[in-house]
Amino acid sequence: MARSLVLGAVFTCAACGLVYELALVALGSYLVGNSVTQASIVLSVMVFAMGVGSLAAKPLQGHPVVAFAVIEGALALVGGLSVLALYAAFAWLDLYVPALVVVAFAVGALIGAEIPLLMTLLQRIRRQDAGSAVADLFAADYVGALVGGLAFPFLLLPTFGHIKGALLVGVVNAVAGIAVVLWLFRRRLGRASRTALWGGMAGVLAVLGGTYALADGFEVSARQALYSDPIAVAERTPYQEIVITRKAALSGASDVRLFLNGDLQFSSVDEYRYHESLVHPLMSGPHGRVLVLGGGDGLAMREVVRYPGVRSATLVELDPAMIRLARTYGPIASLNRHALDDPRVRVVTADAFSWLRRLDERFDSVVVDMPDPDDVSTAKLYSVEFYGLVKRALAPGGRMVVQSGSPYFAPKSFWSIRKSIAAAGLSTTPYHVDVPSFGDWGFVLASPAKEPPALALAPDVPDLRFLDADVLRAATVFPKDRRSRDVDVNTLVHPRLVEYEGEEWKNS
């Protein structure tokens, strides 16, 4: 019975340890993007620290009961508070990466110290050969890691969020580590040690519980520190963090801004410049059947359905929460003029890459309006392979347009996107316009035809606020210091855009 309880503690502590690791990786992906880099930093530092912790625990094996209880209490505190501390470091101190290294090392060292102490406790309950003891311990450890790895994305994150989820795991860690030790080995502890450990566990639970009670207020304050305007909506979905800010103006028209994972997607003050430039040059070609990939805010679709010649329009958006906000949140629904409820519009919630692979339809016009490719998950939507799938979805005479970032702030990224589109067998016409909220912003119009597609407006173009023939003529001219660069194409195997984006936007 005692041995089973210790192995149960091993199982629980392993599950908690893996949750801490995943929470640090996921938080970094949300806050700074580049999930591969975040995972590499966290995992490499933690694995190294586990080795250090295992060596550091050797002198503690003479007093394994007290040492294990203290280490579990420390791990519960450090791991439980880790997400909150890193969020604060990012929001107020601009020290996220150094803080991440310190936290990952501390958590890893404490996890590493568990194994030799647990081995000693198992041997004190019942002696057995080292091979069998190691097999039992690691079996419980690995199964616990499996449970923790599945619980994080499917239970903790969607139900409690990052901060509260980590705090709850800290509570479980403290109870599993300290209480089991105090119950099983209480007779091997003096009264002073028992009192101190019970007091320590109570203190750990009090800190974690008090922080849990204050977590919502902290998260609101920390999130607001990241945005200059008041936050009206904040929602963390399984796919991203959605934040909408609203700033009142004396004129009466507020500035509504949408952010995904901290990146600005539009400002209601000047979004028409971006969406007119994205959609209307494309619509000068055939546009009976239109496909919009991304653009879950409905603003690109608003421009599409202004053409009476559009017989059907399909929107493919990954996040159903974004679709819901576009339809039901008043300021955005008003801005997109309820375009998603147009009878010609079909909305599909799916990953665009996977959806295109299964597609058996053809479209005259395709709008690719995706978030910037600052991590691997979005970079695949700017890859040669992705553009090959779009090409396959084009009807004869069909064309595609891609939002391509800033040729001023991120010229390597912009020209890599153009080169990747060309590598998929499409002729390209790059162009750029000024969008005050973004700065100089670029697009690529593409066609399977041999000649690059002409940049023009359709004869039946609706009234526009920004775009006309003169603006389009100027849009094809790039200054000498921002013309085509010698860059690599972006592929699934070599996501060069992640490197370019990280380098250029960091220095902008």
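All of the points below concern the structure found in this document. (Residues numbered from 1 in each chain as written. Predicted model: local features only at pLDDT ≥ 70, side-chain atom pairs only at ≥ 80, totals over all residues. Heavy atoms only, no water.)

Topic: the sheet that holds strand β10 (residues 427-435)
Then comes step 1: Reading across from one edge, β7-β6-β5-β8-β9-β11-β10 is the order of the 7 strands in this open sheet, with mixed pairing throughout. Strands with a single pairing partner mark the edges of an open sheet, and in this sheet they are β7 (345-349) and β10. The mean inter-strand angle of the sheet, taken between neighbouring strand axes irrespective of direction, is 15 degrees.
Then comes step 2: Note: strand β8 (residues 363-369) against strand β9 (residues 394-403), 5 bridges, orientation parallel. Bridging from a neighbouring strand, V368 pairs with V402 of β9.
Then comes step 3: Where helix α14 (residues 411-423) meets the sheet, its contacts fall on β9, β10 and β11 (439-447), and the angle it forms with β10 comes to roughly 155 degrees. (Pairing = 2+ DSSP bridges. Helix = DSSP H or I, 4+ residues; strand = E, 2+ residues; numbered from the N terminus. Axes fitted to C-alpha atoms, helices over the stretch in contact; angles between N-to-C directions. Contact = heavy atoms within 4.5 Å.)

Quick look at the packing of aromatic side chains
Then comes step 1: Using the criterion set out here, one finds 18 aromatic pairs in the structure.
Then comes step 2: Ring geometry for Y431 against F443: centres 5.3 Å apart, planes inclined by 25 degrees, an arrangement best described as stacked. Residue Y431 is located in strand β10, and its partner F443 is located in strand β11; the two are separated by 12 residues in the primary sequence.
Then comes step 3: Judged by relative accessible area, which is 0%, F443 ranks as buried.
Then comes step 4: Of the aromatic side chains, those joined through ring pairs into one cluster are Y274, Y408, F409, Y431, F438, W441, F443 and W505.
Then comes step 5: Its end group placed over the ring of Y212, K164 keeps NZ or CZ at 4.8 Å from the ring centre.
Then comes step 6: Over the ring of Y272 we find R465; its NZ or CZ atom is 3.8 Å from the centre of that ring. (Phe/Tyr/Trp six-rings, centres within 6.5 Å; stacked < 30°, edge-to-face > 60°. Buried < 20%, exposed > 50% of the residue type's maximum accessible area, 1.4 Å probe, protein only. Lys NZ or Arg CZ within 6 Å of the ring centre and 35° of its normal.)

Examining the environment of T37
Then comes step 1: By the secondary structure assignment, T37 is in helix α2 (residues 35-56).
Then comes step 2: For T37, a relative accessible area of 33% translates into the label partly exposed.
Then comes step 3: Separated by 12 residues in sequence, T37 and V25 have C-alpha atoms that sit 9.1 Å apart.

A look at the pattern of salt bridges
Then comes step 1: As enumerated under the stated definition, the model contains 20 salt bridges in all.
Then comes step 2: For E235, the salt bridge is made with R324, and the minimal N-O distance between the two is 2.5 Å. Remark: R324 occurs in helix α9 (residues 320-328) and E235 occurs in strand β1 (residues 231-236); sequence separation between them is 89 residues.
Then comes step 3: In this structure, the salt-bridge partner of K412 is E503, at a minimum N-O distance of 3.3 Å. Pair noted here: K412 is in helix α14 and E503 is in helix α16 (residues 496-507), with a separation of 91 residues, a long-range link.
Then comes step 4: Bridged by salt links that share partners, the residues E219, R223, R236 and E241 form one connected network. (Salt bridge = Lys/Arg side-chain N within 4 Å of Asp/Glu carboxyl O.)

Brief notes about the side chain of Q403
Then comes step 1: Here Q403 lies in strand β9.
Then comes step 2: Classification of Q403 by relative accessible area gives buried; the value is 2%.
Then comes step 3: Reaching out from Q403, the side chain makes a polar contact with the side chain of D372 at a distance of 3.1 Å.
Then comes step 4: In this structure the side chain of Q403 is engaged in a polar contact, spanning 2.9 Å, whose partner is the side chain of Y382.
Then comes step 5: Each residue touching Q403, except ones within four places of it in the same chain, is listed here: Y274, L278, V368, D369, M370, P371, D372, Y382, W441, G442 and F443. (Polar contact = N/O pair within 3.5 Å; in protein donor to acceptor, adjacent residues only side chain to side chain.)

Describing the nonpolar core
Then comes step 1: Ranked by size, the top nonpolar core spans 69 residues in total, and within it L24, F68, L86, V107, I163, V181 and F218 carry the most contacts.
Then comes step 2: For this core, the secondary-structure elements that each account for two or more residues are α1 (2-32), α2, α3 (64-93), α4 (96-125), α5 (130-184) and α6 (191-225).
Then comes step 3: Each residue touching F68, except ones within four places of it in the same chain, is listed here: C13, E114, L117, L118, L121, G177 and V181.
Then comes step 4: Membership of the second largest hydrophobic core comes to 50 residues, among which are V233, M283, V304 and Y307. (Core = buried A, V, L, I, M, F, W, Y, C linked by side-chain atoms within 4.5 Å.)

Quick word on unusual backbone geometry
Then comes step 1: A positive phi angle, close to 55 degrees, is found at D94, a residue other than glycine.
Then comes step 2: Structurally, the position occupied by D94 is in the loop between α3 and α4.

Remarks on α9
Then comes step 1: For α9, the set of buried residues is A321, M322, I323, L325 and A326.
Then comes step 2: Close packing links the buried residues of α9 with β1, β2 (241-247), β3 (255-260), β6 (312-317), α10 (330-335) and β7.
Then comes step 3: If you check the start of α9, you find a side-chain oxygen 3.0 Å away from the backbone N of A321, and it comes from D319.

Note that all results are geometric; they support no functional claim without further evidence.
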